[in-house]
Amino acid sequence: MTATGKYIGINQRIPFDVLDAALYRLLRDKNMDKNSILSHLKEFTKGENRANKAAQYAVQILSRQENCINELNKTITAPAYLKLPITDRKAIVLALAALTYPIIYDLLIALATGFKVQSQINRQFINLKMASIYGSNRTLDIALDALMPMIIELNTIERVKISLYALTQKSIISYPAIIELLIYTDIKLSGSKSILVDDLQYRPWYMFFEVTLNKKNSYTLFKYDESRIGQGYLTINGIENKS
């Protein structure tokens with residue numbers, strides 16, 4: 001915990017390929033193979049300790065978000081998962097990782113605020129924005145060193161040159177269950193009790209995704225209601241994942 005009272009919780013990069021493969025196996029087998037995760041990580045991570053740490057983080061992401069994964073699995077089976085566009089699979093992984101380690105969400109929101117006013121932002125801006133939330137310390141620096149390559153790999157930003165970043169093309173998400181997961185992630189991690197549907201396009205989280213909510217669909221992670229003034233709003237349901 002930092003002086004601000006917020007947990008960081010992660011200090012090692014987890015490659016997308018590792019989480020992608022582990023999630024597929026979980027959807028297929030209905031259980032998690034921790035040894036396979038560690039073995040796969042050793043292909044990307046030098047050093048036994050680093051690989052073990054990264055494997056622990058990957059296991060936490062998949063175990064703590066069990067309820068969200070079960071909801072996804074109602075419409076996205078293991079074979080269907082493999083057929084999803086890579087952008088959809090990266091969006092799922094990003095949402096699950098952010099729900100487990102909210103610093104990832106905070107980092108993306110900080111980036112979005114910067115990109116609203118300029119096309120490129122540097123690492124100093126990122127450090128200052130995140131330090132205002134988590135405090136300025138070595139733990140935060142290490143976490144950002146791990147997370148920046150992760151979010152680049154997950155198609156949110158790109159590195160223009162050393163310590164300078166720009167937005168990538170927004171990922172267009174069309175699969176209803178993935179849209180639901182992304183919206184749920186934003187509502188939950190923003191601390192909002194509910195959000196207006198009309199505000200979705202203006203919220204920082206959707207600088208990285210293009211989603212269209214179908215009001216006629218049935219949702220489990222949140223519910224859609226009409227307000228007295230005729231505006232629709234979304235409220236998350238009481239689905240809790242493991243801590």
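Before going into details, it helps to say that this report is about the structure given with it.

## Some points on the overall build of the chain
Move 1: Counting secondary structure elements, the chain contains 10 helices and 8 strands.
Move 2: Taking 243 residues into account, the globule formula puts the C-alpha radius of gyration at 18 Å, and the chain, at 18 Å, falls close to it.
Move 3: Principal-axis analysis of the C-alpha atoms places the extent of the chain at approximately 55 × 45 × 35 Å.
Move 4: Looking at the chain residue by residue over its 243 residues, the buried ones come to 49%.
Move 5: Sequence-distant contacts in the chain: of pairs separated by 6 or more residues, those separated by 24 or more amount to 68%.
Move 6: When the accessible surface of the chain is totalled, it reaches about 12,100 Å², and 48% of it is carbon and sulfur.

## Brief notes about the sheet that holds strand S2 (residues 157-161)
Two modes of strand pairing occur in sheets, parallel and antiparallel, and in both the strands are linked by backbone hydrogen bonds.
Move 1: The 3 strands are arranged S1-S3-S2 in an open sheet whose pairing can be described as antiparallel. In this open sheet, the two strands that pair with only one neighbour each are strand S1 (120-122) and S2. Pairwise comparison of adjacent strand axes, ignoring direction, gives a mean angle of 35 degrees for this sheet.
Move 2: Strands S1, S2 and strand S3 (164-167) of the sheet are contacted by helix H7 (residues 103-115), whose axis makes an angle of about 125 degrees with S1.
Move 3: Across the sheet, helix H9 (residues 138-153) touches S2 and S3, and the angle it forms with S2 is around 110 degrees.

## Overview of the pattern of salt bridges
Move 1: In the structure shown here, the tally under the stated rule is 8 salt bridges.
Move 2: The closest approach of N and O atoms between Asp20 and Arg89, which form a salt bridge, is 2.6 Å. Here Arg89 lies in helix H6 (residues 86-100) and Asp20 lies in helix H1 (residues 16-29), a separation of 69 residues in the sequence. The same class applies to Asp20 as to Arg89, namely buried.
Move 3: Across the pair Lys42 and Glu48 runs a salt bridge, and its minimum N-O distance is 3.3 Å.
Move 4: For Lys42, a relative accessible area of 42% corresponds to the partly exposed category.

## Thoughts on the pairing of strand S8 (residues 232-236)
Move 1: Note: strand S5 (residues 194-196) against S8, 3 bridges, orientation antiparallel. Across the sheet, residue Ser194 finds its bridge partner in S8, namely Thr235.
Move 2: Of the strand pairs in this sheet, strand S7 (residues 222-226) and S8 are connected by 5 bridges, and their pairing is antiparallel. Looking at the pairing, Asp225 lines up with Tyr233 of S8.

## A few points about the packing of aromatic side chains
Move 1: Going through the model one piece at a time under the given rule, you end up with 4 aromatic pairs.
Move 2: On the numbers, 5.8 Å between centres and 80 degrees between planes, the contact of Tyr57 with Tyr101 is edge-to-face. Residue Tyr57 is found in helix H3 (residues 48-64), and its partner Tyr101 is found in the loop between H6 and H7; the two are separated by 44 residues along the sequence.
Move 3: Each residue in the set Tyr105, Trp205 and Phe209 is aromatic and connected to the rest through ring pairs, giving one cluster.

## Looking at the sheet that holds S8
Move 1: Strand order in this open sheet of 3 strands is S5-S8-S7, and the pairing throughout is antiparallel. Every other strand in the sheet has two partners, leaving S5 and S7 as the edge strands with one partner each. Direction aside, neighbouring strands of the sheet carry axes that sit 25 degrees apart on average.
Move 2: Where helix H10 (residues 176-190) meets the sheet, its contacts fall on S5, S7 and S8, and the angle it forms with S8 comes to roughly 80 degrees.

## Digging into H9
Because the α-helix completes a turn every 3.6 residues, residues three or four places apart line up on one side.
Move 1: Between its first and last C-alpha, H9 extends 24 Å over 16 residues, near the 22 Å set by a 1.5 Å rise per residue.
Move 2: Buried within H9 we find Leu140, Ala143, Leu144, Ala146, Leu147, Met148, Met150 and Ile151.
Move 3: Packed against the buried residues of H9 are H7, helix H8 (123-134), S2 and S3.
Move 4: N-capping of H9 is provided by Asn137, with a side-chain oxygen placed 3.1 Å from the backbone N of Thr139.
Move 5: Positive backbone phi, at 70 degrees, marks Asn155, one or two positions downstream of H9.

What counts and how
- Residues numbered from 1 in each chain as written.
- Predicted model: local features only at pLDDT ≥ 70, side-chain atom pairs only at ≥ 80, totals over all residues.
- Heavy atoms only, no water.
- Helix = DSSP H or I, 4+ residues; strand = E, 2+ residues; numbered from the N terminus.
- Rg over C-alpha atoms; globule rule 2.2 N^0.38 Å.
- Buried < 20%, exposed > 50% of the residue type's maximum accessible area, 1.4 Å probe, protein only.
- Contact = heavy atoms within 4.5 Å.
- Areas by Shrake-Rupley, 256 points an atom, 1.4 Å probe, with all protein chains shown as cover.
- Pairing = 2+ DSSP bridges.
- Axes fitted to C-alpha atoms, helices over the stretch in contact; angles between N-to-C directions.
- Salt bridge = Lys/Arg side-chain N within 4 Å of Asp/Glu carboxyl O.
- Phe/Tyr/Trp six-rings, centres within 6.5 Å; stacked < 30°, edge-to-face > 60°.
- Expected span 1.5 Å × (residues − 1).
- Polar contact = N/O pair within 3.5 Å; in protein donor to acceptor, adjacent residues only side chain to side chain.

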